[in-house]
Amino acid sequence: MNGPSPPLIKRGKMKINLISSSDWKEGLTFKLVKGIKNPPPGTVGPKAGSILPKGEGLVEVSLGRSEKINAEAIRKAGAGIAKWLHSYQDLAVGVDLQGLADLKVTKPVLALSEGLLLGNFKFDQYKTKKENVGATINLIGDEGFQNEIDEAVILAEGTNLARNLAHTPANIINPATLAERCEDIAKENGLAFKVIEDKELKEMGAGALVGVGQGSQTPSRLIIMKYAGKNPDVKPVVLVGKAITFDTGGYSLKPNASMLGMKYDKCGGVTVAAIMQTVARLGIDTPVIGLIPAAENMVSKQAYRPSDIITSLSGKTIEVTNTDAEGRLIMCDAITYAQRQYDPQALIDIATLTGGVVVALGGVRAGIFGNDQSLIDGLSQAGEKVHERLWHLPIDEEYFDLIKGGDSDIKNSGGVPIATAVQGAMFLKQFVEEGTQWAHIDIAGTGTVNKPAAYCPTGATGFGMRLITEYIRSL
Ligand code: BES
Ligand code: ZN
Ligand code: ZN
């Protein structure tokens, strides 16, 4: 046998190698093939990612129906391979890139690699006995594809970082330990880092962020991560991500079934942390600042109550009509801070904000609101490109009536179950100053899946990580 022999599968973290066809000698080879509508026995089916072992070291993977093959179908094919390999130990695995050669898809090897790495994700840090995930995959093809693989690794590691943090339960991640994790991420990636603790937040006047966290043993934090950018002369994009490390609803207590998923109420915040890692690793031009308001929404003798009137950092007073509408309270102070401290070219917030957006859009698209059509369009286009899709929802002035204050300037909830996703967005809009280009992305529906999806097991999806990164890169 001439040349290096293909490395054996190594269980652990998935690794992707690029290997030329002359160096690929023996092992299990996956071939990417176009799916057939009514597959006769022995041919691969029309569903992208479906697998058909052909014997003699060959396995076919479907790219889906030929007229529908796009980056998403290739991602699914990659995930199909990753998941299928979970049942096997110690194999030499190759994927022949020839099957991607004649497709009209940009960066097909990026999509395949993303599918492999995202499809391989498993939240198993707290399993003493790990399942069979992780492998070395040899992509068999031209060395020119290395850039696409490198990019996919950065993007998938970012998404999987967001997923891992989101999965970690509230007895482990609270506002203080989340700040520690973010500090580690900042150190590893050369980012500037700062955390503003409870006492200073109170002195600053961030009464909304402090108020939500005052019922918890671990009071609120404002976590700040900064990426300077290759071109520090342009204004930064400022990101704000909701990190409620657990949302009981507070005294407006959630019923058990709705409380169950509420460790995931930090999805927006951890996505921002992951984006910060990713933009640094990609070395993009635009400076990016990530603000993560973090709090735990609990019930205790210190907790805030319905009818409390609190004063936000902006000076606006808020009547807390519902302690379960806490996300907008921590977000509004971070939005004010963003505009006071930085001069953003765009302010983008991301939050698991409302049950209303789940009713409206389910898990397929996230809602996007904003005051600037070009920002909304840019984000929407980025979303189509990476298959983290958005849908533009309105915030016409007439909706303000729903949250208009009685004894205070505004209420945190209108108290009527109509247009509740819009109420959340309208509330945030009150803190956006004239001249700030702002978009709000409500990921309450897309931040998690309640059954396994093509390249995401049940739980956190990391939605927004690839989308916002793609948008910032496009600037
Ligand atoms: N964290 C929830 C929103 C949510 C719901 C996220 C379902 C993920 C899945 C948020 O804090 C909340 O409770 N919102 C309430 C507000 C209402 C009480 C005004 C809602 O939208 O139901
Ligand atoms: Zn809530
Ligand atoms: Zn919440």
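Above this text is the structure in question.
Residues numbered from 1 in each chain as written. Chains lettered and ligands numbered in written order. Predicted model: local features only at pLDDT ≥ 70, side-chain atom pairs only at ≥ 80, totals over all residues. Heavy atoms only, no water.

Draft legend 1. Here's a closer look at the overall build of the protein chain. A count of helical and extended segments in the protein chain gives 13 helices and 20 strands. Taking 2.2 N^0.38 as the reference for a compact globule, 475 residues should give roughly 23 Å; the C-alpha atoms of the protein chain span a radius of gyration of 23 Å, in line with that estimate. Summarising its shape, the C-alpha atoms of the protein chain cover approximately 80 × 45 × 45 Å along the three principal directions. The buried share of the protein chain, taken over its 475 residues, is 57%. When contacts within the protein chain are restricted to residue pairs at least 6 apart in sequence, those whose partners lie at least 24 apart make up 77%. Averaging the positions of the 50 positive and the 52 negative side-chain charges in the protein chain gives two centres separated by 6 Å. (Helix = DSSP H or I, 4+ residues; strand = E, 2+ residues; numbered from the N terminus. Rg over C-alpha atoms; globule rule 2.2 N^0.38 Å. Buried < 20%, exposed > 50% of the residue type's maximum accessible area, 1.4 Å probe, protein only. Contact = heavy atoms within 4.5 Å. Lys, Arg positive; Asp, Glu negative; His and termini not counted. Charge placed at Lys NZ, Arg CZ, Asp CG, Glu CD.)

Draft legend 2. Just the coordination of the zinc ion (ligand 2), in detail. Note on the zinc ion (ligand 2): its protein donors are Asp247 (OD), Asp324 (O), Asp324 (OD) and Glu326 (OE). The metal-donor distances range over 2.0 to 2.2 Å. Written as a sequence motif, the donor arrangement for the zinc ion (ligand 2) is D-x76-D-x1-E. Separation of the zinc ion (ligand 2) from the zinc ion (ligand 3) amounts to 3.2 Å, with Asp247 serving as a shared donor to the pair. (Donors = N, O, S within 2.8 Å, 3.2 Å for Na, K, Ca; no water.)

Draft legend 3. Expanded view of the coordination of the zinc ion (ligand 3). Looking at the zinc ion (ligand 3), the protein donor atoms are Lys242 (NZ), Asp247 (OD), Asp265 (OD) and Glu326 (OE), and they sit 2.0 to 2.5 Å from it. Around the zinc ion (ligand 3), the 6 donor atoms are arranged such that angles at the metal cover 77 to 174°; this shape is classified as octahedral. Mapped onto the sequence, the residues coordinating the zinc ion (ligand 3) show the spacing K-x4-D-x17-D-x60-E. Asp247 sits in the buried class, given a relative accessible area of 3%. (Tetrahedral: all angles 85-135°; square planar, octahedral: opposite > 155°, others 65-115°.)

Draft legend 4. Structural view of the side chain of Thr286. Inspection of the secondary structure assignment puts Thr286 in the loop between helix H8 (267-282) and strand E11 (288-297). Residues contacting Thr286, with those up to four places away along its chain left out, are Tyr227, Gly229, Val234, Lys235, Val237, Gln345, Ile472 and Leu475.

Draft legend 5. Structural detail: the packing of aromatic side chains. One pass over the full model with this rule turns up 4 aromatic pairs. Measuring from centroid to centroid gives 5.8 Å for Phe123 and Tyr126, while their planes differ by 50°, and the two rings are tilted. Relative to Phe431, the ring of Phe427 has its centre 5.3 Å away and its plane inclined at 45°; by these criteria the two rings are tilted. Overall, Phe427 belongs to the buried group, its relative accessible area being 0%. Looking at Phe431, the relative accessible area reads 2%, which means it is buried. Across the ring face of Phe431, the terminal group of Lys316 is positioned such that the distance to the ring centre comes to 5.9 Å. (Phe/Tyr/Trp six-rings, centres within 6.5 Å; stacked < 30°, edge-to-face > 60°. Lys NZ or Arg CZ within 6 Å of the ring centre and 35° of its normal.)

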